[in-house]
Amino acid sequence: MNKAVNDGVWSGSWVAERLGVELLGDPELTNLLGLALRRNPKRAHLLVSNVLGKHVPQSPSIVYGYGFTLGRRVRELLGTEESARAVVLGYAETATGLGHAVADGIAVAPYLHSTRRPVPGVATAGGFEESHSHATSHLLLPENPELLSGDGPLVLVDDEFSTGNTVLNTIRDLHERYPRDRYVVVALVDMRSAADAGRLDEFAAEIGARVDLVAAASGTVRLPAGVLEKGQELVARYEAGSQSSAAPSGLVAQFPAPLKDEDESGGAGAGGSSSAAPSGLVAQFPAPLKADLDADPPGARGTARPAPTGPHPTHNRITRVELRWPRDLPDGGRHGFTPQHRIRLERALPAMAARLAEALPQDAHRVHILGFEELMYAPLRLARELEQVVDAGVTYSTTTRSPVLAVDDPGYAIRTRLTFPAHDTPADGPGDRYAYNIAGAGFDAVVAVIDDTADTPELHAPDGLLARLAEHTPHVVLAVVPSYVPERPPMLPDPLRGPAFSSYAPEEVGWLLQDLSDVTLEAPTEEREEAIQSGGAHYAESLPVEYQPSEQYQQLFHTALDEAADRLALAVGAVTELVLAERSPHPVLVSLARAGTPVGVLMRRWAQYRHGLDLPHYAVSIVRGRGIDANALRWLAAHHDPADVVFVDGWTGKGAITRELTDAVREFEESDGITGFDPEIAVLADPGSCVKTYGTREDFLIPSACLNSTVSGLISRTVLRSDLVGPHDFHGAKFYRELAGADVSVDFLDAVAARFPEVSDAVTVLAKELLAADRTPTWEGWAAVERISEEYGIHDVNLVKPGVGETTRVLLRRVPWKILARAGAGADLDHVRLLAEQRGVPVEEVAELPYTCVGLIHPKYTRGATGADGKAVAV
């Protein structure tokens, strides 16, 4: 059925016959548009869209489908690369939901809409005037000021373009502030005259930018001379008639018969005139959508009809539904709405729609979702989701500021009007607001969706919106969406760099940490172990006293480095090649401080040596049981594409950090709505078979594991303590400047990098083999740790540390119980045996051990306990 036709009558015929207005252009125009008269001194007629979801109740799938399809056309026009750089801007109030849907169709573009609601504390990034509108001033209030400052395409979305003045004003204002090369104008209908279209082309040439136009249909409105004055007279006459009629309060209907000369001009039953002017840019909708557009869904009619039994009593039930809107998710695009926000909303929609469905009467056949002025997108998405889960026909429209004459005639687009006072304390003062085609439509229930700014006494007053709705439907449901107001946390600082923080060169790594060098955090190992195992403290709340290696131990390190440098260089090259081939051609290396940081530096050096790439590299904190530093992720997302971020660590043991990172990234996505981070860690060695991006799966000595800060840029292990790290701070760490005399951090890097030329060919071969191999993690390490934990009566996998690196950490930082060593292990364990001897820890050889060695932390530690049974013995 033609959505602009009622009983075979075009819903623009009443105005066309009385004012001589003609709608010329694509045949689709009369499907998309009806006509009405407005109380506006600048323009008499109003083009009333049947698919916008503003004045005319319509199926939410049809409303959303038009915008989404236009967005797909924009994406095809721009291409993938340009679409990823685009920003979509919609116009308040009528096109806020349409612009959202266009952005959804593009899929990768953030969205912002103009607003007439100033928000205290949010700076204005621009503004413009809409000369013919009832309320002319538009504000731009993006939460992220950089949203409009990029040089990618700007996509401007409005429901219809009549003169193009609004677009010119917008581009003029924004181009002066944020010049760019390309604009795309999107509308449901383009109704500009040839002269107006030429004016836009001239302006585009003047500023040196390309302007494209995408519209579902195009045409023009032909207006006879004196149409404004005649229209104003007609409005005045009919409104005077309505005031003398006995229509229910707030409802304009049952107008007196038109004057004789109006009857003779054609009569309300005559069809409107529509000629087949040459086609403009007409949307080529896919078959399923076109079928939807041609169909007449249950309850979706172009205009409302008077209720046969009169208005419902005012004591009808009003039910409030708690939607449980996701925390910190914007309610719309007033301050910006990103693709990540859309993903969060789509995850939450089924549950919210289910709560709405529970509040509806079981016998409801026609349900209407009524949005609120600029709040169009959230109600539209709720309506569309509800449409999928209830048997009733669902329609959607929104309230508006715009005063339009209502005439109860099949040839007129606005059949009824509800009038009620503004209920959001508007900045320009109190005034009337309107809901069209709701009264008399026969809805079994109306769901009013508003933001909490508008949940005021005026909303609930005897003459307020809810009371007006209750006069015309037996059930009114109120759903309140929290109005998003940006919070501006303190700006996160730039990364710390050497030599002010760490002994690495400043370009080697930026530390997303705060400097706690002046805070005393060290505690004796025995005290820390007792507090950790008793549950009195978390290991990240303090630091162990830095191990001071003996001359003999230092010599072991240098010997091990000399013997392992080739092996290390090969693994560094292989894992870097895998990252470049599979993860990103321009990765952002993010090492897990601090064991991962030397590996991250070496990977950066390989990419520079082999490919001439200057990769960014940062170090962040991750804490077992507490997750990754969320502020570090926020900083990274603000400065880089999360999809390019590759987390780097030294090695895997049982895979605890791998699991920790996966959980932490998932929680971060849910809390912040920022997606794209891949929790898959790239490691030098993966003896635990916990990841698929590695240089080797052999458990061998990585010499950097032998030492603490003196091989890691003189940086401590990271610290997370509530009295030192606030909600807007990076995790902390110390810079041990006093240990500079023993620092071998750069020596370690240089020794491995010096072997790059020697292993270059071997890296090529190994990388090809790895890329072709099945590298699916088997989690053998985790299974082995569980087995060892039970076999040795520990019953806590956190006290079992597999692999050479983890065993070394046990001996340097914790209270070790015993060391399990694979029988026949050679020089890889020389430093382990020396440390064990110094600390009086037994080394037990095991015939079949999946690791070179495993360190067991004392399972029943109290200070003074030295026996294998955990009991204290006399000294």
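Scope of this entry: the structure provided in the associated data block. From a predicted model like this one, the values you see are computed outputs, not experimental measurements.

**Some thoughts on the overall build of the protein chain**
Stage number 1. Each helix and strand counted, the protein chain has 23 helices and 36 strands in total.
Stage number 2. The 875 residues of the protein chain split such that 60% are buried.
Stage number 3. The long-range share in the protein chain, meaning contacts at least 24 apart out of those at least 6 apart in sequence, stands at 78%.
Stage number 4. When the accessible area of the protein chain is evaluated, it comes to approximately 33300 Å², of which 51% is carbon and sulfur surface.

**Focus: unusual backbone geometry**
Stage number 1. The linkage connecting G498 with the following residue, P499, adopts the cis geometry, with an omega of 0°.
Stage number 2. Residue A593 is joined to R594 through a cis peptide bond whose omega torsion reads 0°.
Stage number 3. With respect to the helices and strands, the residue R594 is situated in the loop between β25 (588-592) and α16 (596-611).
Stage number 4. One non-glycine residue, R324, lies in positive phi territory at about 60°.
Stage number 5. Following the sequence through the fold, R324 ends up in the loop between β14 (317-321) and α10 (339-359).
Stage number 6. Its identity is not glycine, yet S689 carries a phi of approximately 50°, on the positive side.
Stage number 7. You can see S689 is positioned in the loop between β30 (681-685) and β31 (693-696).

**Comments concerning the pattern of salt bridges**
Stage number 1. Tallied over the entire structure, the rule returns 38 salt bridges.
Stage number 2. For the salt bridge of D212 with R210, the shortest nitrogen-to-oxygen distance reads 3.0 Å.
Stage number 3. The salt bridge involving D562 is made with R755; its shortest N-O contact spans 3.4 Å. Residue D562 is located in helix α15 (residues 551-582), and its partner R755 is located in the loop between α19 (745-753) and α20 (756-772); the two are separated by 193 residues in the primary sequence.

**Overview of the packing of α16 against α19**
Stage number 1. Direction vectors running N to C along α16 and α19 enclose 40°, while the axes themselves pass 10 Å from each other. Judged on the interaxial angle alone, α19 and α16 are oblique. The handedness of the crossing between α16 and α19 comes out as right-handed. Listed contacts from α19 to P598, V601, L602 and R605 of α16 are F748, L749, D750, V752 and A753.
Stage number 2. Per-class residue counts for the contact of α16 with α19 are seven nonpolar, no polar and two charged.

**Focus on the sheet that holds strand β35 (residues 843-846)**
Stage number 1. Read across the sheet, four strands follow the order β33-β36-β34-β35 without closing on themselves; strand pairing throughout is mixed. Only two strands of the sheet have a single partner each, and these edge strands are β33 (800-802) and β35. Each strand axis lies, on average, 20° off the axis of its neighbour in the sheet, ignoring direction.
Stage number 2. Where strand β34 (residues 816-822) lies against β35, four bridges are found, and the strand directions are parallel. By the bridge assignment for β35, I819 is matched with V843.

**Side note on the nonpolar core**
Stage number 1. If you look at the biggest cluster of nonpolar residues, it comprises 136 residues, and the most contacted ones within it are L37, V155, V186, Y412 and L469.
Stage number 2. V155 has contacts with V74, L78, A86, V87, V88, L89, I106, V184 and V186, leaving out every residue within four places of it along the chain.

**Quick look at the environment of G226**
Stage number 1. Inspection of the secondary structure assignment puts G226 in the loop between β12 (210-222) and α7 (227-244).
Stage number 2. For G226, a relative accessible area of 40% puts it in the partly exposed group.
Stage number 3. Distance from G226 to L19, taken between C-alpha atoms, is 9.1 Å for residues 207 residues apart in sequence.

**Describing the environment of Y377**
Stage number 1. Mapped onto the elements of the fold, Y377 is located in helix α11 (residues 377-389).
Stage number 2. Placed 45 residues apart in sequence, Y377 and G332 show a C-alpha to C-alpha distance of 6.4 Å.
Stage number 3. Those residues within four positions of Y377 in sequence are excluded, and the remaining contacts are Y64, G97, H100, A101, D104, F337, R342 and L345.

**A look at the packing of aromatic side chains**
Stage number 1. Across all of its chains, the model carries 14 aromatic pairs by this definition.
Stage number 2. Plain terms: the ring middles of F501 and W511 are 6.1 Å apart, the flat faces sit at 75° to each other, and that makes the pair edge-to-face. One end of the pair, F501, is in the loop between β20 (475-481) and β21 (510-511); the other, W511, is in strand β21, with ten residues separating them in the sequence. In this structure, F501 and W511 share a single accessibility class: buried.

**Notes on the sheet that holds β21**
Stage number 1. Pairing is parallel in the open sheet, where six strands are placed in the order β21-β26-β25-β29-β30-β31. Strands at the two margins of the open sheet, each flanked by one partner only, are β21 and β31.
Stage number 2. Two elements, β30 and β31, share three bridges in a ladder whose sense is parallel. What sits directly across from A685, in β31, is T696.
Stage number 3. Contacting β25, β29 (645-651) and β30, helix α18 (residues 656-672) runs over the sheet at an angle of about 170° to β30.

**Describing the packing of α15 against α19**
Stage number 1. Remark: α15 packs on α19, axes separated minimally by 8 Å, with the N-to-C direction vectors making an angle of 45°. Accordingly, the angle class assigned to the pair α15 and α19 is oblique. Note that α15 runs across α19; the crossing there is right-handed. Touching F557, L561, A565, L568 and A569 of α15 are D747, F748, A751 and V752, all from α19.

**Notes on the side chain of S397**
Stage number 1. Assignment of secondary structure puts S397 in strand β16 (residues 393-398).
Stage number 2. Residue S397 is classed as buried on the basis of its relative accessible area, which comes to 1%.
Stage number 3. Here S397 is in contact with G53, K54, V56, P57, H368, I369, L370, G371 and I438, once residues within four sequence places are set aside.

**What to know about α15**
Stage number 1. Between its first and last C-alpha atoms α15 spans 43 Å; for 32 residues at 1.5 Å apiece the expected length is 46 Å, and the two agree.
Stage number 2. At A564, α15 shows its largest kink, close to 55°.

**Considerations on the pairing of strand β15 (residues 366-371)**
Stage number 1. Burial runs high along β15: six of the six residues are buried.
Stage number 2. Neither face of β15 is open: one carries R366, H368 and L370, the other V367, I369 and G371, and all of them are buried.
Stage number 3. As for the winding sense of the linkage, the β-α-β connection from β15 through α11 to β16 is right-handed.
Stage number 4. Here four bridges tie β15 to strand β19 (residues 445-451), and the two strands are oriented parallel to one another.

**Comments concerning the pairing of strand β6 (residues 87-90)**
Stage number 1. The alternating pattern of β6 places V87 and L89 on one face and V88 and G90 on the opposite face, and all of these are buried.
Stage number 2. The sheet contact formed by β6 and strand β10 (residues 154-161) spans four bridges and is parallel. Bridge pairing in β10 places V87 opposite L154.
Stage number 3. In the sheet, β6 pairs with strand β7 (residues 111-113) via three bridges, with the strands oriented parallel. Within β7, the position partnered with V88 by the bridge is Y111.
Stage number 4. Between β6 and its parallel partner β7, the chain crosses via helix α4 (residues 96-106), and the hand of that crossover is right-handed.

**Brief notes about α18**
Stage number 1. The terminal C-alpha atoms of α18, which comprises 17 residues, lie 24 Å apart, in line with the 24 Å expected from a rise of 1.5 Å per residue.
Stage number 2. Among the residues of α18, A656, T658, E660, L661, A664, V665, F668 and E669 are the ones counted as buried.
Stage number 3. Directly after α18, the chain includes G673, whose backbone phi takes a positive value near 75°.

**Some details on the side chain of E680**
Stage number 1. Tracing the chain through its elements places E680 in the loop between α18 and β30.
Stage number 2. Buried within the structure, E680 lacks any salt-bridge partner; its nearest side chain of opposite charge belongs to K692, at an N-O separation of 5.5 Å.
Stage number 3. Within the structure, the side chain of E680 is placed 2.7 Å from the backbone nitrogen of K692, a separation counted as a polar contact.
Stage number 4. For E680, the contacting residues outside a window of four places in its chain are R583, F647, V691, K692 and T693.

The rules behind these values
Residues numbered from 1 in each chain as written. Predicted model: local features only at pLDDT ≥ 70, side-chain atom pairs only at ≥ 80, totals over all residues. Heavy atoms only, no water. Helix = DSSP H or I, 4+ residues; strand = E, 2+ residues; numbered from the N terminus. Buried < 20%, exposed > 50% of the residue type's maximum accessible area, 1.4 Å probe, protein only. Contact = heavy atoms within 4.5 Å. Areas by Shrake-Rupley, 256 points an atom, 1.4 Å probe, with all protein chains shown as cover. Salt bridge = Lys/Arg side-chain N within 4 Å of Asp/Glu carboxyl O. Axes fitted to C-alpha atoms, helices over the stretch in contact; angles between N-to-C directions. Parallel < 35°, antiparallel > 145°, perpendicular 65-115°, else oblique. Left-handed = near helix turned anticlockwise from the far one by under 90°. Nonpolar A, V, L, I, M, F, W, Y, C, P; charged D, E, K, R; others polar. Pairing = 2+ DSSP bridges. Core = buried A, V, L, I, M, F, W, Y, C linked by side-chain atoms within 4.5 Å. Phe/Tyr/Trp six-rings, centres within 6.5 Å; stacked < 30°, edge-to-face > 60°. Expected span 1.5 Å × (residues − 1). Bend = angle between axes of the 7 residues up to and from the residue. Right-handed = clockwise from strand over helix to strand, strands pointing away. Lys, Arg positive; Asp, Glu negative; His and termini not counted. Polar contact = N/O pair within 3.5 Å; in protein donor to acceptor, adjacent residues only side chain to side chain.

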